[in-house]
Amino acid sequence: MSLRTHLVAQFKRPTGLPGRLAGWIMAGRPSNRLRNSWTIDQLGIRPGDRVLEIGFGPGLALAWAAKKAPNGKVIGLDHSPVMLAQATKRNRLAIAAGRMELHQGGLEMLDRIGGSFDRIVSANVVQFWDEPAAVFRALKARLAPGGRIATTFMPRHPGAGRADALAMAERIEGWMKEAGFAQPKTAWLDLEPVPAVCVLADNAL
Ligand SMILES: C[S@@+](CC[C@H](N)C(=O)[O-])C[C@H]1O[C@@H](n2cnc3c(N)ncnc32)[C@H](O)[C@@H]1O
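Summary of the structure given here. Along every chain, residues carry numbers that run from 1 in the direction the sequence is written. The predicted origin of the model limits local features to residues at a pLDDT of at least 70 and limits the giving and counting of side-chain atom pairs to 80 or more, whereas totals for whole chains, interfaces and linings rest on all residues.

Section: the overall build of the chain
Stated formally: Numbering of helices and strands starts at the N terminus; helices are DSSP runs of H or I of at least 4 residues and strands are runs of E of at least 2. Using C-alpha atoms as the atom set, the radius of gyration is obtained and then compared with a globule rule of 2.2 Å times the number of residues to the power 0.38. With C-beta atoms placed from the backbone, a contact is any residue pair whose C-beta atoms sit within 7 Å.
What the chain contains, in helices and strands, is nine helices and seven strands. Its C-alpha atoms give the chain a radius of gyration of 16 Å, near enough to 17 Å, the size a compact globule of 205 residues would have. Seen through its C-alpha atoms, the chain measures out along the principal axes to roughly 45 × 40 × 30 Å. A fraction of 68% describes how many contacts in the chain between residues 6 or more apart in sequence connect residues 24 or more apart.

Printed below as a string of C-alpha cells:
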C-alpha cells in the first residue's frame, strides 16, 4: 500500500495512532470545522429534535447539533473505535446529560437503536458507501414525516476542483431520488481550495 493510499484509508476507517492523527487533523482543520458547522446550519435543527449522524469522526458536528437540540437527542454512528473515543471525549457533557448517544458501527446498528429521526446528517462519508442509493433508502425509512436529510461532500484528492464537487452533488441528488426523495437541493459553501456541497432533501409529511 502506498503512503497516500494508507493515509486516505485513515479517513475511511481511522485506526491506531495514524487514525488518531487523522482525527486531530479533522478536528483542527478550519475548512473541516466550517464545513461541519455549516452543514448543521443547513439542517434547521429544532430544540426537541432527534438527530442522527453517520460517520461522526472526531465529533464536531455532533457537538453543534447538540447545542441546537437542547431538549432533543443526538445519536451518532461511526465504525471506528478511535473516532468513537475522540468524539466521546469531545462530547462528554452532552453524553453525561443523556442528550447524546454514540455507537461504534454502521447502519446495521439502526435496528438496535430503533425509532425515527427528525434530522439525519453525514459529512464526507458518502464517498465511502458501496451502494449509496441503498443507504439513502434505509435512512429514508427511518426519517420522520417532514424530516430532513443532509449529506455534505468536499473533494479532498490532489487537484480537486469545483467540477468534482458539482459532479458529486449531482450523483448524491440522483441517489436520493432513487431512494424516493422528491426534490433534493444542493447548497454550496465556498471554501479554499474547493467548495463543499450539501445535498438536502425533506421527507413528505
Ligand atoms: C472523512 S471522515 C469524516 C468525519 C466527520 N464527518 C467530519 O466531517 O469531520 C469519515 C468518517 O466516517 C466513518 N465511516 C466511514 N464509513 C462508515 C460507515 N459505513 N459506517 C460508519 N462510519 C463510517 C469513518 O470511520 C470516519 O470517522
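Okay, back to it.
Section: the site of the ligand
Let me state the cut-off plainly: To decide whether a residue is near a molecule or strand, its C-beta atom is placed from the backbone and checked for lying within 6 Å of it. Polar here means any residue other than Ala, Val, Leu, Ile, Met, Phe, Trp, Tyr, Cys and Pro, which are nonpolar, and Asp, Glu, Lys and Arg, which are charged; Gly is therefore polar.
In the vicinity of the ligand there are 22 residues, among which G55, G57, S80, G106 and A123 approach most closely. Of all the secondary structure elements, the ones that give two or more residues to the shell around the ligand are α1 (3-12), α3 (30-43) and β2 (73-78). Partitioned by chemical class, the residues of the shell around the ligand number 11 nonpolar, eight polar and three charged.

A word on the sheet that holds strand β1 (residues 50-54)
Selection rule: When DSSP finds two or more bridges between two strands, those strands count as paired. Here the axes come from fitting lines to C-alpha atoms, over the contacting stretch only for helices, and the angles between their N-to-C directions go from 0 to 180 degrees.
Taken in spatial order, the seven strands make up an open sheet running β3-β2-β1-β4-β5-β7-β6, and their pairing is mixed. Looking at strand neighbours, the two that pair on one side only are β3 (100-104) and β6 (185-189), the edges of this open sheet. Neighbour-to-neighbour, the strand axes of this sheet turn through a mean angle of 15°, independent of strand direction. Strand direction decides the pairing type here: strand β5 (residues 143-153) and strand β7 (residues 196-202), joined by six bridges, are antiparallel. Counterpart to R148 in the pairing with β7 is D202. In this fold helix α5 (residues 81-90) packs onto β2 and β3, with an angle of close to 165° to the strand it touches most, β3.

Brief notes about the environment of A201
Topologically, A201 is positioned in strand β7. Separated by 137 residues in sequence, A201 and W64 have C-alpha atoms that sit 20 Å apart.

Some remarks on unusual backbone geometry
With an omega dihedral of 0°, the bond running from E192 to P193 counts as a cis peptide bond. Structurally, P193 can be placed in the loop between β6 and β7. For N124, which is not glycine, the phi dihedral falls at a positive 50°. Relative to the elements of secondary structure, N124 occurs in the loop between β4 (117-123) and α8 (132-142).

Some details on the packing of α8 against helix α9 (residues 162-178)
Our working definition: Roughly parallel means an angle under 35 degrees; roughly antiparallel, over 145; roughly perpendicular, 65 to 115; everything else is oblique. Left-handed describes a crossing in which the near helix is turned anticlockwise from the far one by less than a right angle; the clockwise case is right-handed.
For the pair α8 and α9, interaxial distance at closest approach is 8 Å and the crossing angle is 55°. Judged by the angle between their axes, α8 and α9 are oblique. Viewed along their axes, α8 and α9 form a crossing whose handedness is right-handed. Along the contact surface, α8 presents P132, A133 and F136, while α9 presents W175, M176 and E178. Partitioned by chemical class, the residues of the contact of α8 with α9 number five nonpolar, no polar and one charged.

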